[in-house]
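Here's the letter readout for the chains.
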Amino acid sequence: DTYVKADEAEARIGLLGRALRLAETTLGSDDPEVSAILSKMGAAKLQAEDYRGAAECLKRALQLEEGLLGARHPKVLATMKSLAHAHGLAGDFLQQQRLLERVVEAV
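Residues numbered from 1 in each chain as written. Predicted model: local features only at pLDDT ≥ 70, side-chain atom pairs only at ≥ 80, totals over all residues. Heavy atoms only, no water.

Peer 1: What is the right way to read the overall build of the protein chain from this model?
Peer 2: In terms of helices and strands, the protein chain carries five helices and zero strands. In the protein chain, the order of α-helices and β-strands from amino to carboxyl end is α-α-α-α-α. The C-alpha radius of gyration computed for the protein chain amounts to 14 Å, which stays within 12% of the reference 13 Å derived for 107 residues, consistent with globular compactness. Principal axes of the C-alpha set define a box for the protein chain whose edges measure 40 × 35 × 15 Å. Here the protein chain holds 107 residues, and the buried ones make up 36% of them. Contacts spanning at least 24 positions in sequence make up 51% of the contacts within the protein chain whose residues lie at least 6 apart. About 6,500 Å² of surface is accessible on the protein chain, with carbon and sulfur atoms providing 54% of the total. Both charge centroids of the protein chain, one from 14 positive and one from 16 negative side chains, sit 2 Å from each other. (Helix = DSSP H or I, 4+ residues; strand = E, 2+ residues; numbered from the N terminus. Rg over C-alpha atoms; globule rule 2.2 N^0.38 Å. Buried < 20%, exposed > 50% of the residue type's maximum accessible area, 1.4 Å probe, protein only. Contact = heavy atoms within 4.5 Å. Areas by Shrake-Rupley, 256 points an atom, 1.4 Å probe, with all protein chains shown as cover. Lys, Arg positive; Asp, Glu negative; His and termini not counted. Charge placed at Lys NZ, Arg CZ, Asp CG, Glu CD.)

Set out below in C-alpha coordinates:
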(Lines give C-alpha, C1' and ligand atoms only; values in the text may rest on other atoms or scores of the structure.)
Protein backbone atom coordinates (compact mmCIF):
# COMPACT_ATOMS: atom_id res chain seq x y z
CA ASP A 1 0.00 0.00 0.00
CA THR A 2 2.83 2.41 0.85
CA TYR A 3 4.58 1.54 -2.41
CA VAL A 4 1.42 2.20 -4.41
CA LYS A 5 1.05 5.64 -2.81
CA ALA A 6 4.70 6.43 -3.52
CA ASP A 7 4.29 5.34 -7.16
CA GLU A 8 1.15 7.47 -7.50
CA ALA A 9 2.97 10.46 -6.00
CA GLU A 10 5.92 10.01 -8.37
CA ALA A 11 3.55 9.83 -11.34
CA ARG A 12 1.78 13.00 -10.17
CA ILE A 13 5.13 14.76 -9.74
CA GLY A 14 6.09 13.87 -13.30
CA LEU A 15 2.80 15.13 -14.72
CA LEU A 16 2.94 18.29 -12.63
CA GLY A 17 6.51 18.93 -13.80
CA ARG A 18 5.32 18.77 -17.37
CA ALA A 19 2.35 21.05 -16.59
CA LEU A 20 4.70 23.49 -14.87
CA ARG A 21 7.01 23.72 -17.88
CA LEU A 22 4.04 24.26 -20.20
CA ALA A 23 2.48 26.90 -17.94
CA GLU A 24 5.74 28.79 -17.56
CA THR A 25 6.29 28.74 -21.32
CA THR A 26 2.78 29.75 -22.34
CA LEU A 27 1.60 31.89 -19.40
CA GLY A 28 4.83 33.22 -17.92
CA SER A 29 6.67 32.29 -14.75
CA ASP A 30 4.69 34.69 -12.57
CA ASP A 31 1.20 33.54 -13.59
CA PRO A 32 -1.19 32.39 -10.82
CA GLU A 33 -1.51 29.01 -12.55
CA VAL A 34 2.22 28.45 -12.06
CA SER A 35 1.77 29.04 -8.34
CA ALA A 36 -1.13 26.57 -8.24
CA ILE A 37 0.91 23.90 -9.99
CA LEU A 38 3.86 24.48 -7.65
CA SER A 39 1.57 24.07 -4.63
CA LYS A 40 0.22 20.79 -6.01
CA MET A 41 3.74 19.61 -6.77
CA GLY A 42 4.80 20.47 -3.22
CA ALA A 43 1.92 18.38 -1.86
CA ALA A 44 2.87 15.47 -4.12
CA LYS A 45 6.50 15.68 -3.01
CA LEU A 46 5.37 15.65 0.63
CA GLN A 47 3.42 12.47 -0.12
CA ALA A 48 6.54 11.00 -1.76
CA GLU A 49 8.52 11.97 1.36
CA ASP A 50 10.74 14.36 -0.62
CA TYR A 51 10.54 17.03 2.05
CA ARG A 52 13.29 19.30 0.74
CA GLY A 53 11.87 19.12 -2.78
CA ALA A 54 8.44 19.94 -1.37
CA ALA A 55 9.88 22.92 0.49
CA GLU A 56 11.49 24.24 -2.71
CA CYS A 57 8.19 24.05 -4.62
CA LEU A 58 6.18 25.55 -1.78
CA LYS A 59 8.68 28.35 -1.25
CA ARG A 60 8.45 29.35 -4.88
CA ALA A 61 4.64 29.12 -4.78
CA LEU A 62 4.62 31.29 -1.66
CA GLN A 63 6.79 33.94 -3.27
CA LEU A 64 4.48 34.12 -6.28
CA GLU A 65 1.34 34.19 -4.14
CA GLU A 66 2.65 36.93 -1.87
CA GLY A 67 3.43 39.07 -4.89
CA LEU A 68 0.03 38.44 -6.44
CA LEU A 69 -2.24 38.39 -3.39
CA GLY A 70 -0.41 40.06 -0.50
CA ALA A 71 1.05 38.59 2.67
CA ARG A 72 -2.23 38.25 4.59
CA HIS A 73 -4.33 36.49 1.97
CA PRO A 74 -5.79 33.16 3.21
CA LYS A 75 -4.25 31.26 0.26
CA VAL A 76 -0.84 32.71 1.09
CA LEU A 77 -1.21 31.73 4.75
CA ALA A 78 -2.25 28.19 3.79
CA THR A 79 0.82 27.83 1.57
CA MET A 80 2.97 29.23 4.37
CA LYS A 81 1.61 26.58 6.75
CA SER A 82 2.31 23.85 4.19
CA LEU A 83 5.84 25.15 3.75
CA ALA A 84 6.32 25.17 7.53
CA HIS A 85 5.12 21.56 7.63
CA ALA A 86 7.61 20.58 4.92
CA HIS A 87 10.46 22.24 6.81
CA GLY A 88 9.44 20.44 9.99
CA LEU A 89 9.42 17.07 8.23
CA ALA A 90 12.84 17.89 6.76
CA GLY A 91 14.14 18.61 10.26
CA ASP A 92 14.52 22.37 9.80
CA PHE A 93 12.61 23.31 12.93
CA LEU A 94 13.92 26.87 13.10
CA GLN A 95 12.52 27.67 9.66
CA GLN A 96 9.30 25.89 10.57
CA GLN A 97 8.96 28.05 13.67
CA ARG A 98 9.67 31.28 11.75
CA LEU A 99 7.01 30.51 9.18
CA LEU A 100 4.42 29.56 11.77
CA GLU A 101 5.13 32.77 13.66
CA ARG A 102 4.48 34.71 10.44
CA VAL A 103 1.15 32.91 10.05
CA VAL A 104 0.13 33.73 13.61
CA GLU A 105 1.15 37.38 13.22
CA ALA A 106 -0.91 37.68 10.04
CA VAL A 107 -4.18 36.43 11.53
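Peer 1: Explain helix 3 (residues 51-69) to me, please; I cannot follow it from the model alone.
Peer 2: In an α-helix, one turn spans 3.6 residues; hence positions three or four apart end up facing the same way. Between its first and last C-alpha atoms helix 3 spans 25 Å; for 19 residues at 1.5 Å apiece the expected length is 27 Å, and the two agree. Every buried residue belonging to helix 3 is among Gly53, Ala54, Ala55, Cys57, Leu58, Ala61, Leu62, Leu64 and Glu65, and all of these are buried. Residues of helix 3 that are buried sit in contact with helix 2 (32-47) and helix 4 (74-89). In the stretch just after helix 3, Gly70 is the one whose phi turns positive, near 95°. (Expected span 1.5 Å × (residues − 1).)

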